[in-house]
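Residue-level structural notes
Read off the chains here:
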Amino acid sequence: MAAVTSLGETSLAAPAVVSRGMQARRRRRLNLFRYLTFLIFGLFFLLPLLAMVRFSLEGSKLGTWSLSGWRQIVSYQGVGIPPLASAVEITLELAVITSVVVLALLVPTMIWVRLRVQWLARTLEFVCLLPLTIPAIVLAVGLFPVYNRIEHYSISALMLFWAYVILALPYAYRALAAGLNAMDVTTLSEAARGLGASWFTVIVRVIAPNMWQAILNALLLTSALVLGEFTLAYFLSFYNLQFELYSISRNTANATVIFSTSAASLMFAFVLLLILSYVGRRRRGRG
Amino acid sequence: MAVAATTQDGARPARAGRRPSVPGWVGTVPFFAYVGVFLLLPTGIVIWDSLRNTTGGWYLTSVSQLASPQVRGYFIGSVKLCLISSAGGAALGAILAYAVASGNPDGAVRRLYISASGVLAQFGGVTLAFAFLVLIGPIGLLLHASWYFDFPWGISLIYAYFQIPLMVLVFMPAIDGLKVQWREASENLGASTWQYWRYVGAPLLTPAFLGATLLLFANALSAFATIQAWENQIAYIVPQQISTSLSSEVGLANVNYADVLALGMVIMVAIVMTGYALLQRRAARWLR
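To keep things clear, this report deals only with the structure shown in the data block. Each residue is numbered by its place in its chain's sequence as written, counting from 1. Just so you know, chain letters begin at A and ligand numbers begin at 1, following the order they were written in. Given that this is a predicted model, residues contribute local features only at a pLDDT of at least 70 and side-chain atom pairs are listed and counted only at 80 or more, while totals for whole chains, interfaces and linings are drawn from all residues. Side-chain numbers here rest on the full set of heavy atoms in the structure, without hydrogens or water.

**Digging into the overall build of chain A**
- Counting secondary structure elements, chain A contains 12 helices and zero strands.
- A run of DSSP states H or I qualifies as a helix once it reaches four residues; a run of E qualifies as a strand once it reaches two. Both are numbered from the N-terminal end. The N-to-C order of helical and strand elements in chain A reads α-α-α-α-α-α-α-α-α-α-α-α.
- Burial status follows relative accessibility: with a 1.4 Å probe on protein chains alone, a residue under 20% of its type maximum counts as buried, one over 50% as exposed, and anything between as partly exposed. Buried residues in chain A amount to 49% of all 287 residues.
- In this description, contact between two residues means that some pair of their heavy atoms is separated by no more than 4.5 Å. Of the contacts made within chain A by residues no fewer than 6 positions apart, 76% connect residues no fewer than 24 positions apart.
- Under the convention used here, a 1.4 Å probe and the Shrake-Rupley method define accessible areas, while residue burial counts only the protein chains that appear. Put simply, chain A shows about 14400 Å² of open surface, and 67% of that area lies on carbon and sulfur atoms.

As structure tokens, this is what we get:
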């Protein structure tokens, strides 16, 4: 017995030392590789952004500095297109409306399917992820005649939200599904039902409050998507932020205002997503 | 076990008795109605219309336009751009994903890269084309690259800007799935770093890598904003040609032609995504 143990110990101890030596070397090499990678990719990702910010601060003469590009965000008026500020406003409104509709549509349906109609779960998932595989451009071609017809009644760009809800479905679905999976929906609902709650109460006052972080995630992702959307707005010729910027750049190729607005919208999206990553971390910490 | 069975059995009749009822699926009708009208209907319209000719007959003459050399050129352009940007993006993204994943799993670097990837993967809009225009375009601050307006290389570089972050996002779970124990086991058996990657790491990651590459391919295929802002005079890829045919300056929007091109895209994406789903299933075997 003793012999076996000591034999086992020596044979274990020897490679352990070797492998610790190897690991230290590997660690060093790995760290070198990591920092080099971060440096190169960091430059690749930062330089275009820095160039954009620098250009947004360009004065009337090349090489000078000025804040006029940033001031123009509120006042810029291109030829033959709506003022920039109105496009910004419409895009923000679209973000809010789209998020609300996505949540109103998806949250009750997903909870309901989880509780009562399990057999529809796969279909629901498939349908929600479908917009990932149908390019926005195909959707635009299909919606072209529809919107063309209703444009006769001069409908505002806010009507884009009908289609944006579809584009946001996959992202919202994934965020919400993660939230639903993190809790025991069946037990919660059985407890609530056992105490006499109606299905409405179960969904609105029991389950939904338990997944507010997932709901927030879905909200932020949807907003980020709407802020960056171009294809549908372009095809249906509604002036949202991206189409407006595109149109300005067609008229005046190097207007500083397009760079300041781009930089601002990008920073806004980045802040949204940063909030999201912190919210996600807190949930993990608590669970 | 028995308790659970009785509560279930006990609860069912009571509930059913209280409200003899509407079937459960009725609750999902609003959702499916919405999706039906705004997703399935438009897609259906495209497919339906592309199978008819302009006079309304059921001919495949419209679809046969797909075989014309001109149309084939746009599809070849699309495939070229998608191949280059997805292969390059996947390779570089995998390296970056590994560099990020091998650090502290709760560290600031990782959180920064993940949320930055989340933003940049979505950053395919016109803003991206602007950013590169002022970096390496004709008015570039870094250099005036003569190849900036070259198809497919110039635009592929720009596409890498959102393809690499997307790769980081989709490939990271696969790298996280590589267990430390496998590395330790192979080291204890005397394997070198190269041998570990050649015989353990690479075979494990290959399905996930190929799947992610296909996803990047589909992503590049449906991207439109960036290339349109990069160059709107010449149509290189299918979406641009769809755009030209719909917004014809003579006022004769050729909707039927656009439908046919869109059908071609749907078919391509369907093929790519089927491959993705199959590879994903294969890759899932090793994840947890």
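The structure having been displayed, the exposition proceeds.
**Some remarks on the nonpolar core**
- Counting 181 residues, the largest nonpolar core has Leu106(A), Leu176(A) and Ile242(B) as the members making the most contacts within it.
- When residues no more than four places from it in sequence are discounted, the contact partners of Leu176(A) are Leu103(A), Leu106(A), Val107(A), Met110(A), Met211(A), Ala214(A), Ile215(A) and Ala218(A). By nonpolar core is meant a set of buried Ala, Val, Leu, Ile, Met, Phe, Trp, Tyr and Cys residues that side-chain atoms within 4.5 Å join together.

**Observations concerning the interface of chain A and chain B**
- Chain A puts 79 residues into the contact, and the matching count from chain B is 78 residues.
- Think of a salt bridge as a Lys or Arg side-chain nitrogen and an Asp or Glu carboxyl oxygen that are within 4 Å of each other. Inspection of the chain A/chain B interface yields zero salt bridges.
- Two N or O atoms count as a polar contact when they lie within 3.5 Å, although within protein this holds only if one can serve as hydrogen donor and the other as acceptor, and sequence-adjacent residues are included solely when both atoms are side-chain atoms. At the boundary of chain A with chain B, the tally comes to nine residue pairs in polar contact (both at pLDDT 80 or more).
- No other element matches the 22 residues that helix H1 (residues 2-56) of chain A contributes to the side of chain A that touches chain B.
- In this count, Pro and Cys sit with the nonpolar residues alongside Ala, Val, Leu, Ile, Met, Phe, Trp and Tyr, while Asp, Glu, Lys and Arg are called charged and the others, Gly among them, polar. Counted by class, the side of chain A that touches chain B contains 54 nonpolar, 15 polar and 10 charged residues.

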